[in-house]
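The chain contents come next:
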Amino acid sequence: MKPVFKLRPKPGRQVLFSAVPLPCPVQPQLKIPLHLRAPAFRVTITDLKLWHTWAKNRADSVGSSFLNLDNGPDSENLSRELKWLVEDAIERTEVVSALNSGQLCDDDTEVCVRASLDDLYKLWRQRIEERRPFQYLVGCEHWRDLVLSVQEGILIPRPETELILDLVSDALKVNEDLKNGFWADLGTGSGALAIGLARLLGSSCPKVFATDLSLTAFTVASFNVKRYNLQDRITVKLGSWFNPLEDVKGELSGIVSNPPYIPSRDIEGLQAEVSKHEPRIALDGGENGTDDLVHLCDGAASMLKHGGFFAFETNGEAQCNFVADYLESRKKGSFCSIKIVSDFAGIQRFVTGYKP
């Protein structure tokens, strides 16, 4: 079973305060996605074609070696990524089309690009030799109908997580009053779920809160929120899970989260793109992968208002059953209408329910 991941901070760790003043954290530098950068570099068509031929040969040389090693990308997937890199890097669409179709002729004419030729070589070496995720190369991920900024320190949002918004949509059809209260996306990462929630709930929702312990996530999520002009409807808060939301305790109409849920022992066996590059704190759910899920269940009991809805993502069938059993037995009376919902592949992935 192939797990699904998303950036989430590690809650539940005791915070120890020192008498010695600690330095203020340095604000991480926001990396602008490639497709949003100005085409400030010029390169001849001949040199561009040489780079593309080299990059395509590097992709073809991989064959199925990464796939066999750790279920990584094969040459076909890498060639598709190269096509997307070209689309993001080159300004003129006719050059993009000709280059990707192999119909570009040698020419000393210069074209404008959004990264230097040296950087294009460097980026593709990182993709092949270091297995750096493609989304980090171009600085964005296409998710649902959004194009979200992502960078190192942010777990790349996965397609399966989109289903959480569908589950919220189904809950709204049952009870439209859920739109009229506060909602929270806990461990927001890139801000994907928070932005999707705000667009789904509409202007009747007074506020969507997006929390994350990571300063990088806070910075990137804030950037994405502003890009979609939702800063008046989404408040991004720096802090662990429920901690920044004490002032709305018992007032949330809905909570969504895709927390770390991979068992610690399984991290090293993941694809190199994940295990070597995406932040472990966003993946590691403890010995059984359920530490953060339990924390969310405990907190939801007091943070949701009566009739409030929740949807949590898990690692699969065993975790779904564990969470459902925990809610029904250890949190008996705190929740009702608990359901397990499958993802696109038919794998039990989500647990939903309500506070009575």
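Placed above this text is the structure.
Here is what the cut-offs are and how they apply
Residues numbered from 1 in each chain as written. Predicted model: local features only at pLDDT ≥ 70, side-chain atom pairs only at ≥ 80, totals over all residues. Heavy atoms only, no water. Helix = DSSP H or I, 4+ residues; strand = E, 2+ residues; numbered from the N terminus. Rg over C-alpha atoms; globule rule 2.2 N^0.38 Å. Buried < 20%, exposed > 50% of the residue type's maximum accessible area, 1.4 Å probe, protein only. Contact = heavy atoms within 4.5 Å. Pairing = 2+ DSSP bridges. Axes fitted to C-alpha atoms, helices over the stretch in contact; angles between N-to-C directions. Salt bridge = Lys/Arg side-chain N within 4 Å of Asp/Glu carboxyl O. Parallel < 35°, antiparallel > 145°, perpendicular 65-115°, else oblique. Left-handed = near helix turned anticlockwise from the far one by under 90°. Nonpolar A, V, L, I, M, F, W, Y, C, P; charged D, E, K, R; others polar. Expected span 1.5 Å × (residues − 1). Arc of directions from axis to C-beta. Lys, Arg positive; Asp, Glu negative; His and termini not counted. Polar contact = N/O pair within 3.5 Å; in protein donor to acceptor, adjacent residues only side chain to side chain. Phe/Tyr/Trp six-rings, centres within 6.5 Å; stacked < 30°, edge-to-face > 60°. Lys NZ or Arg CZ within 6 Å of the ring centre and 35° of its normal.

### Digging into the overall build of the protein
So, point 1. In terms of helices and strands, the protein carries 12 helices and 11 strands.
So, point 2. Relative to a compact globule of 356 residues, whose C-alpha radius of gyration would be 21 Å, the protein shows 22 Å and is just as compact.
So, point 3. Over its C-alpha atoms, taken along the principal directions, the protein stretches across nearly 70 × 50 × 45 Å.
So, point 4. The 356 residues of the protein split such that 55% are buried.
So, point 5. The long-range share in the protein, meaning contacts at least 24 apart out of those at least 6 apart in sequence, stands at 74%.

### Section: the sheet that holds strand β11 (residues 348–354)
So, point 1. Pairing within the open sheet is mixed, and its seven strands lie in the order β7-β6-β5-β8-β9-β11-β10. Single-partner strands in this sheet number two, and they are β7 (234–238) and β10 (336–342). On average, each strand axis in the sheet is tilted by 15° relative to the strand beside it, whichever way the strands run.
So, point 2. Alignment of strand β8 (residues 252–257) against strand β9 (residues 304–313), held across five bridges, turns out to be parallel. The residue bridging S257 from the neighbouring strand is F312, located in β9.
So, point 3. Packed on one face of the sheet, helix α9 (residues 215–227) meets β6 (208–212) and β7 and runs near 170° to β7.

### As for the pattern of salt bridges
So, point 1. Inspection of the entire model under this criterion finds 19 salt bridges.
So, point 2. Residue R132 pairs with E152 through a salt bridge whose shortest N-O separation is 2.7 Å. You can see R132 sitting in the loop between α5 (117–129) and α6 (134–138) and its partner E152 sitting in the loop between β4 (146–149) and α7 (163–174), a full 20 residues away along the chain.
So, point 3. Measuring nitrogen to oxygen at the nearest pair gives 3.2 Å for the salt bridge that ties R280 to D284.
So, point 4. Take R280: its relative accessible area is 38%, and that puts it in the partly exposed class.
So, point 5. D284 gets classed as buried once you look at its relative accessible area, which sits at 12%.

### As for the packing of helix α3 (residues 75–89) against helix α4 (residues 93–101)
So, point 1. As a packed pair, α3 and α4 sit with axes 9 Å apart at the nearest point and diverge in direction by 160°. By the criterion of interaxial angle, the relationship of α3 to α4 is roughly antiparallel. The two elements α3 and α4 meet at a crossing, and its hand is right-handed. Between α3, through K83, V86 and E87, and α4, the contact on the second element is made entirely by V96, L99 and N100.
So, point 2. Looking at the contact of α3 with α4, its residues break down into three nonpolar, one polar and two charged.

### Things to note about helix α12 (residues 317–330)
So, point 1. For α12, with 14 residues, the first-to-last C-alpha span of 19 Å sits near the 20 Å given by 1.5 Å per residue.
So, point 2. Residues of α12 that are buried: Q319, C320, V323, A324, Y326 and L327. When α12 is viewed along its axis, its buried side chains cluster within an angular range of 155° and face the same direction. Along α12, exposed side chains directed more than 90 degrees from the buried face belong to A318 and R330.

### Details of the side chain of D74
So, point 1. Here D74 shows up in the loop between α2 (65–70) and α3.
So, point 2. Of the side chains with opposite charge, R80 lies nearest to the buried D74, which makes no salt bridge, at 6.4 Å.
So, point 3. Within the local environment of D74, its side chain forms a polar contact with the backbone nitrogen of N77, the two atoms lying 3.0 Å apart.
So, point 4. Beyond its immediate sequence surroundings of up to four residues, D74 is in contact with G63, S64 and L67.

### A closer look at α9
So, point 1. Taking 1.5 Å as the rise per residue, α9 with 13 residues should run 18 Å; its terminal C-alpha atoms sit 18 Å apart, in good agreement.
So, point 2. Within α9, 10 of the 13 residues are buried, leaving the element largely enclosed by the surrounding structure.
So, point 3. Along α9, the residues that are buried comprise L215, T216, A217, T219, V220, A221, S222, F223, N224 and V225.
So, point 4. Of the residues flanking the start of α9, the one acting as N-cap is S214, its side-chain oxygen 3.2 Å from the backbone nitrogen of T216.
So, point 5. With its phi angle positive at about 55°, N229 sits one or two positions after the end of α9.

### Topic: the packing of aromatic side chains
Any pair of aromatic rings gets described here by the distance separating the centres and the angle formed by the planes.
So, point 1. In the structure shown here, the tally under the stated rule is eight aromatic pairs.
So, point 2. Aromatic pair W54 and Y121: ring centres 4.8 Å apart, planes at 50°, arrangement tilted. In this pair, W54 is assigned in helix α1 (residues 45–62) and Y121 in helix α5, connecting sequence segments 67 residues apart.
So, point 3. Residue classification places W54 among the partly exposed positions, given a relative accessible area of 22%.
So, point 4. Residues W183 and F309 carry aromatic rings whose centres are separated by 6.5 Å and whose planes lie at 45° to one another, so their mutual orientation is tilted. Of this pair, W183 sits in strand β5 (residues 182–186) while F309 sits in strand β9, and the two are 126 residues apart along the sequence.
So, point 5. Through pairs of rings, three or more aromatic residues link up here, namely W183, F309 and Y354.
So, point 6. Above the face of the F66 ring, R131 is positioned so that its terminal group lies 4.2 Å from the ring centre.

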